[in-house]
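Inside the fold
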Amino acid sequence: MPKNKTLKKTTPFRYGFGMFGTSMPINMFKSFAAIFYVDMLGLDMKKYSLVLFIYTFVDAIDNPVYGFLSDRTRTKWGRRRPWLIIGAPLLVLCFILFFNVPSFVESEKGMLFIYMLLMYILTGTLDSLVNANYGALFPELFQSDNERAKTNGIRQICQLFAMAISIALTPMITEKIGYRLTSLIYGVLAVAVMLYCFLGCRESTDYEELEKPRLIDSIIALIKNPHFWIFGFAGAFYSAAFSLISQALPFYVKYTLGLGGSSTTIMLGIVLGVAVIGILVWSRVAKKLPVMTIWRTGFIIMAIGFVPLYFAKVLPVAIAVAAVMGFGIAACLTTMDCIGAKIIDDDYQRNGIKREGIINSLMGVMNRLNGLYTSLAFYVVSESFGFVSGDETGSNPALASKVLLCVFPCAAMILASVISFFLKLPERKENE
């Protein structure tokens with residue numbers, strides 16, 4: 001192990017607060033891209049599904065490359081910080097441009113598709129760059145299970161507060177000031193928080209004794225690691241369900257419940273509020289139950305919750321069901337990064353090479369495979385119900401919205417629940 005010359009340890013809050021900044025742009029980006037481009041600007045839903053499909057393959061390539069470059073970086077500022085400090089402003093710039101479509105592009109549907117595809121890829125790949133390095137810092141800066149649990153709790157609560165703003169409040173805010181100005185405000189806030197976090201993360205700079213990982217060798221080692229595959233596929237289906245929830249909920253509220261953007265805000269706000277409380281509860285439960293048990297419990301709660309949500313006809317019932325699901329989401333958020341850190345620890349113990357960046361990035365690739373599933377969901381709904389855009393919603397937009405929000409995510413969570421039972425990792429003792 002390298003000698004740590006760090007003068008001052010990074011605090012859990014300084015690191016964890018960064019999740020607020022990284023979550024702000026990407027949550028608005030992923031949650032409202034469909035409603036903005038399809039429902040408001042009139043882009044064909046099939047073309048939107050094609051954007052998701054294309055980007056999934058781009059993301060499968062860029063994630064491991066970013067992790068590989070990060071692991072091999074050697075500077076006096078550390079391995080991760082240079083990438084983070086450069087990547088954060090670029091991410092925010094592309095995010096703002098995504099929602100600020102030039103008028104001459106907006107009026108031409110062919111150009112609109114090309115513009116969305118380009119900006120979606122740029123915003124998404126820069127988010128991959130930032131999160132590959134931010135995530136790689138977690139197991140490196142915090143070594144014990146207690147430190148990780150505390151730090152991850154702070155991080156996930158910050159993420160939920162960011163989601164409360166960037167997802168729950170966004171429909172209400174955009175009704176007042178529009179998507180363009182909203183993205184600008186969110187972007188400025190996000191980059192300020194990210195730079196505050198990244199400049200305060202003090203990683204060791206004594207790397208001369210560390211062997212530089214090789215990309216092909218690292219990929220082969222992970223291919224042979226069954227823990228990586230099981231955790232990766234379970235996480236991919238969970239991410240697909242979560243992504244569909246955030247993207248389909250505005251359609252569900254508008255076409256199934258027949259309500260406006262403020263109802264979406266209320267529903268999401270309550271769910272996220274329950275999730276914050278749930279993280280505090282599950283963090284205490286984790287002192288008595290294995291994190292694997294909590295992780296699986298969260299999956300099962302979410303899978304079951306989609307059934308009554310499908311049959312809900314009024315907002316109070318939908319909110320009550322979604323709130324219970326928020327408790328399941330909290331269980332997943334509390335435990336997933338800790339399980340990922342265990343897999344990184346296990347890889348180092350097996351191979352003796354520090355490659356947090358590559359492993360974290362390849363886990364990100366598995367999670368981003370949700371784009372294939374999400375793309376399929378939008379395509380099937382468009383084909384089956386004739387939902388093309390906000391101008392051409394088909395014969396039954398209410399049923400189309402329910403299928404998009406409930407049926408596809410429920411199937412994904414059932415698969416995630418089943419797969420999760422095949423992951424067997426020994427619980428780490430405190431003296432280890």
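An account of the accompanying structure is given in this report. (Residues numbered from 1 in each chain as written. Predicted model: local features only at pLDDT ≥ 70, side-chain atom pairs only at ≥ 80, totals over all residues. Heavy atoms only, no water.)

1. Digging into the pattern of salt bridges
Filter applied, for reference: For this analysis, a salt bridge means a side-chain nitrogen from Lys or Arg found within 4 Å of a carboxyl oxygen belonging to Asp or Glu. Under the scheme used here, helices are H or I runs from DSSP no shorter than 4 residues and strands are E runs no shorter than 2 residues, and both carry numbers assigned from the N terminus.
In total, this model carries four salt bridges according to the counting rule given. Measuring nitrogen to oxygen at the nearest pair gives 2.7 Å for the salt bridge that ties Arg-180 to Glu-106. With a gap of 74 residues between them, Arg-180 in helix H7 (residues 145-200) and Glu-106 in helix H5 (residues 103-106) connect regions that are remote in the sequence. Notably, a salt bridge pairs Asp-337 with Arg-155, separated by 2.7 Å at the nearest N-O pair. Separated by 182 residues along the polypeptide, Asp-337 in helix H12 (residues 315-351) and Arg-155 in helix H7 bring together distant segments of the chain.

2. Some remarks on empty space enclosed by the protein
Definition in use: Using a grid of 1 Å spacing that covers the protein atoms alone, one calls a set of points a cavity when a 1.4 Å probe fits there but cannot get out, and a pocket when the set is open and has protein on both sides within 12 Å along at least five of seven lines; lining residues are those with an atom within 4 Å of a point. Grid points are joined across faces, edges and corners, and a volume is the space filled by probe spheres set on the points. Amino acids outside the nonpolar list (Ala, Val, Leu, Ile, Met, Phe, Trp, Tyr, Cys, Pro) and the charged list (Asp, Glu, Lys, Arg) are all regarded as polar, and Gly is one of them.
Tallied over the full model, the rule gives three cavities of 30 Å³ or more. Looking at the largest cavity, its volume works out to about 1,200 Å³. If you trace the largest cavity, you find 49 residues lining it, with Met-19, Gln-159, Ser-239, Asn-367 and Arg-368 closest to the centre. Counting only elements with at least two residues in the lining of the largest cavity, the list comes to helix H2 (18-40), helix H3 (45-72), helix H6 (109-141), H7, helix H9 (226-256), H12, helix H13 (356-368) and helix H14 (370-385). Looking at the lining of the largest cavity element by element, the count peaks at nine residues for H6. Tallied by class, the residues present in the lining of the largest cavity amount to 20 nonpolar, 23 polar and six charged. For the second largest cavity, the calculated volume is near 200 Å³. Taken together, 17 residues form the lining of the second largest cavity, with Ile-245, Leu-249, Leu-268, Val-271 and Ile-329 sitting closest to its centre. Within the residue set of the lining of the second largest cavity, elements represented by two or more residues are H7, H9, helix H10 (261-285), helix H11 (291-311) and H12. Among the elements that line the lining of the second largest cavity, the one with the most residues is H10, at five residues.

3. Section: the packing of aromatic side chains
Between two aromatic rings, the relevant description is the distance of the centres plus the angle of the planes. Basically, it comes down to this: Planes of paired rings set the category: under 30 degrees apart is stacked, over 60 is edge-to-face and the rest tilted, where pairs are Phe, Tyr or Trp rings (Trp by its six-membered ring) whose centres lie within 6.5 Å. To sit over a ring, a charge needs its Lys NZ or Arg CZ within 6 Å of the ring centre and within 35 degrees of the ring normal.
A complete count under the given rule lists 35 aromatic pairs for this structure. A network of ring pairs unites the aromatic residues Phe-29, Phe-32, Phe-36, Tyr-37, Tyr-55, Phe-95, Phe-98, Phe-99, Tyr-120 and Tyr-179 as a single cluster. Note that Arg-296 overlies the ring of Phe-421, its terminal NZ or CZ placed 5.2 Å from the centroid. The lysine or arginine in question, Lys-402, covers the ring of Tyr-310, its NZ or CZ lying 4.5 Å from the ring centre.

4. A word on the packing of H9 against H14
Note the following rule: Note on geometry: axes are C-alpha line fits, over the in-contact stretch for helices, and angles between N-to-C directions span 0 to 180 degrees. Note that the term roughly parallel is reserved for angles under 35 degrees, roughly antiparallel for angles over 145, roughly perpendicular for angles of 65 to 115, and oblique for everything else. Here a crossing is called left-handed whenever its near helix is offset anticlockwise from the far helix by less than a right angle, and right-handed whenever the offset is clockwise. Note on contacts: a residue pair is in contact if any heavy atoms of the two residues lie within 4.5 Å.
Two numbers describe how H9 lies on H14: the axes approach to 8 Å, and their chain directions differ by 45°. Classed by the angle they form, the pair H9 and H14 counts as oblique. Crossing of H9 over H14 shows right-handed handedness. Contacts between H9 and H14 involve Ala-236, Phe-237, Ser-239, Ala-240, Ser-243, Leu-244 and Gln-247 from the former and Asn-370, Tyr-373, Thr-374, Ala-377 and Phe-378 from the latter.

5. Description of the packing of H11 against helix H15 (residues 397-420)
Describing two packed helices takes the angle between their axes plus the distance from one axis to the other. H15 packs onto H11 with a crossing angle of 155° between their chain directions and a minimal axis gap of 8 Å. The pairing of H11 with H15 is recorded here as roughly antiparallel in orientation. The interaxial crossing formed by H11 with H15 has left-handed handedness. Residues Trp-295, Arg-296, Phe-299, Ile-300, Met-302, Ala-303, Phe-306, Leu-309 and Tyr-310 of H11 form the contact with H15, whose participating residues are Leu-399, Lys-402, Leu-405, Cys-406, Val-407, Pro-409, Cys-410, Met-413, Ile-414, Ala-416, Ser-417 and Ser-420. Looking at the contact of H11 with H15, its residues break down into 17 nonpolar, two polar and two charged.

6. Some words on the side chain of Thr-125
When you line up the elements, Thr-125 lands in helix H6. With sequence-adjacent residues up to four places away left out, Thr-125 is seen in contact with Tyr-55, Asp-62 and Tyr-66.

7. Things to note about the side chain of Asn-27
Looking at where Asn-27 falls in the secondary structure, it is placed in helix H2. In this structure Asn-27 touches Met-163, Ser-166 and Ile-167, once residues within four positions along its chain are discounted.

8. Notes on the environment of Phe-228
Note that Phe-228 resides in helix H9. Along the backbone, Phe-228 and Ile-344 are 116 residues apart, and their C-alpha atoms lie at a distance of 9.3 Å. Ignoring sequence-local partners within four residues, the contact set of Phe-228 consists of Leu-222, Leu-362, Met-363 and Met-366.

9. Quick look at the state of the cysteines
The condition is simple: A pair of cysteine sulfur atoms is labelled a disulfide when the two atoms are within 2.5 Å. Accessibility here uses a 1.4 Å probe with only protein chains present; expressed as a share of the type maximum, an area under 20% marks a residue as buried, one over 50% as exposed, and anything in between as partly exposed.
Under the criterion given, the structure shown has zero disulfides. Free cysteine Cys-201: the closest other cysteine sulfur is in Cys-197, separated by 3.9 Å. When its relative accessible area of 1% is taken as the criterion, Cys-201 is described as buried.

10. A short note on the nonpolar core
Here is a general trend for soluble globular proteins: nonpolar side chains tend to be buried in one another's company. This is how the line gets drawn: By nonpolar core is meant a set of buried Ala, Val, Leu, Ile, Met, Phe, Trp, Tyr and Cys residues that side-chain atoms within 4.5 Å join together.
Tyr-37, Tyr-238, Tyr-252, Met-267 and Leu-309 are the most contacted members of the largest nonpolar core, which has 144 residues in total. Sequence-distant contacts of Tyr-252, that is, excluding residues within four places in its chain, are made with Leu-257, Met-267, Leu-309, Ala-312, Ala-318, Ser-401, Lys-402 and Leu-405.

Function cannot be read off these values alone, since they describe shape.
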